[in-house]
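Geometric and topological summary
One-letter residues, chain by chain:
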Amino acid sequence: MTPYWEDANRGLRIYHGDCRDILPTFADGEFGSVVTDPPYGIGFADWDIPPDSAILQECLRVAEGSVVMFGGRKPGELGAMLALRPRADRMMLW
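Overview of the structure. (Residues numbered from 1 in each chain as written. Predicted model: local features only at pLDDT ≥ 70, side-chain atom pairs only at ≥ 80, totals over all residues. Heavy atoms only, no water.)

Turning our attention to the overall build of the protein. Within the protein, the regular secondary structure consists of three helices and five strands. Written out in order from the N terminus, the α and β elements of the protein read β-β-α-β-α-β-α-β. Taken across its 94 residues, the protein has 29% of its residues classed as buried. In the protein, the share of contacts with a sequence separation of at least 24, taken over all contacts with a separation of at least 6, comes to 58%. Of the roughly 6,400 Å² of accessible surface on the protein, 54% is carried by carbon and sulfur atoms. (Helix = DSSP H or I, 4+ residues; strand = E, 2+ residues; numbered from the N terminus. Buried < 20%, exposed > 50% of the residue type's maximum accessible area, 1.4 Å probe, protein only. Contact = heavy atoms within 4.5 Å. Areas by Shrake-Rupley, 256 points an atom, 1.4 Å probe, with all protein chains shown as cover.)

What follows deals with the packing of aromatic side chains. With the rule as written, the count across this model stands at three aromatic pairs. Where Phe26 meets Phe31, the ring centres are 4.8 Å apart and the plane angle is 80 degrees; that geometry is what we call edge-to-face. Classification of Phe26 by relative accessible area gives buried; the value is 8%. Its relative accessible area of 13% is what places Phe31 among the buried residues. (Phe/Tyr/Trp six-rings, centres within 6.5 Å; stacked < 30°, edge-to-face > 60°.)

To continue, consider the environment of Met69. Structurally, Met69 is set in strand β4 (residues 67-69). Between the C-alpha atom of Met69 and that of Leu56, which follows or precedes it by 13 residues, the distance is 8.3 Å.

Moving on to the side chain of Asp7. Structurally, Asp7 is set in strand β1 (residues 5-7). By relative accessible area, Asp7 is classed as buried at 18%. For Asp7, the side chain forms a polar contact with the main-chain nitrogen of Asn9, separated by 3.1 Å. (Polar contact = N/O pair within 3.5 Å; in protein donor to acceptor, adjacent residues only side chain to side chain.)

The biggest cluster of nonpolar side chains holds 15 residues, and the ones touching the most others in it are Phe26, Cys59, Val62 and Val67. With five residues, the top contributor of residues to this core is helix α2 (residues 53-62). Phe26 has contacts with Met1, Tyr15, Phe31, Arg61 and Val62, leaving out every residue within four places of it along the chain. (Core = buried A, V, L, I, M, F, W, Y, C linked by side-chain atoms within 4.5 Å.)

Let's shift gears to the environment of Gly29. You can see Gly29 is positioned in the loop between α1 (19-22) and β3 (34-36). Note: C-alpha distance between Gly29 and Glu64 (35 residues apart in sequence) is 4.5 Å.

Take a nonpolar patch on the surface next. Taken together, Tyr4, Trp5, Leu12 and Ile14 make up a surface patch of nonpolar side chains, about 430 Å² in accessible area. The residue Leu12 is located in strand β2 (residues 12-14) in this model. With relative accessibility at 36%, the residue Leu12 sits in the partly exposed group. (Patch = residues over 30% accessible without salt bridge, like charges linked within 9 Å, V, L, I, M, F, W, Y side chains within 5 Å. Salt bridge = Lys/Arg side-chain N within 4 Å of Asp/Glu carboxyl O.)

The structure is reproduced here in structure tokens:
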């Protein structure tokens, strides 16, 4: 997978694409953190499906540290993700 942007001197890489396609290509704990904006699930387009716990599971797998996930989920719909019981210091849902 080729980074969208990279600063090799500081060890920074940004990948741009569908996280469902990108994340499985990386090893466990390969990144210090993951910042992702998965599909919102508001019915805007074909790709606009609700994120599920599999996306969160992959984020937690490849990040050795924090996972920051942006999305339009309603509080009552977060049950599947919270059922994974991620450590509070590793997750931020916005």
